[in-house]
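Below are the chains, spelled out letter by letter.
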Amino acid sequence: MTSIHAKYDEYARSENPATSARTSSILAALIGIAVGAALALLFAPQSGEELRGELMRRMDSARNRSGDLLNGVRGKVMPFRRRGGEA
């Protein structure tokens, strides 16, 4: 008769298919991310400095547009808010 410890040792040494598949999937995803990042750097049409500048310009533009939108909404809501406070 085999002891529980011996059975556990045998199980611990055997490869668990679920863990192996999960590990393989994670490894494949990490390799894919690394290859994608390398290709993006190789084929980027702009230098890093140019890309950062373009991103900053776009962020500023989006910030300005959202501020304009917020001010427009405030302008439309404030008359109703004032009337609501009087009632």
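Everything quoted here is computed from the prediction, not taken from an experiment. (Residues numbered from 1 in each chain as written. Predicted model: local features only at pLDDT ≥ 70, side-chain atom pairs only at ≥ 80, totals over all residues. Heavy atoms only, no water.)

(A) Spotlight on the overall build of the protein. Each helix and strand in the protein was counted, giving 3 helices and 0 strands. Going from the N terminus to the C terminus, the protein shows its helices and strands as α-α-α. The proportion of buried residues among the 87 residues of the protein is 0%. When the accessible surface of the protein is summed, it comes to about 8200 Å², and 63% of that surface belongs to carbon and sulfur atoms. (Helix = DSSP H or I, 4+ residues; strand = E, 2+ residues; numbered from the N terminus. Buried < 20%, exposed > 50% of the residue type's maximum accessible area, 1.4 Å probe, protein only. Areas by Shrake-Rupley, 256 points an atom, 1.4 Å probe, with all protein chains shown as cover.)

(B) Layout of the pattern of salt bridges. What the rule picks out here adds up to 3 salt bridges. Taking the shortest distance from any N to any O, the salt bridge between Arg57 and Glu54 comes out at 3.0 Å. Here Glu54 and Arg57 lie together in helix α3 (residues 48-86), a separation of 3 residues that amounts to about one turn. Close ionic contact of Arg58 with Glu54 constitutes a salt bridge, the shortest N to O distance being 2.8 Å. (Salt bridge = Lys/Arg side-chain N within 4 Å of Asp/Glu carboxyl O.)

(C) Here's a closer look at a nonpolar patch on the surface. A surface patch of nonpolar side chains, about 650 Å² in accessible area, is lined by Leu27, Ile31, Val35, Leu39, Leu42 and Phe43. Counting through the fold element by element, Leu27 comes out in helix α2 (residues 17-43). (Patch = residues over 30% accessible without salt bridge, like charges linked within 9 Å, V, L, I, M, F, W, Y side chains within 5 Å.)

Without other data, these values stay purely geometric and don't point to any function.
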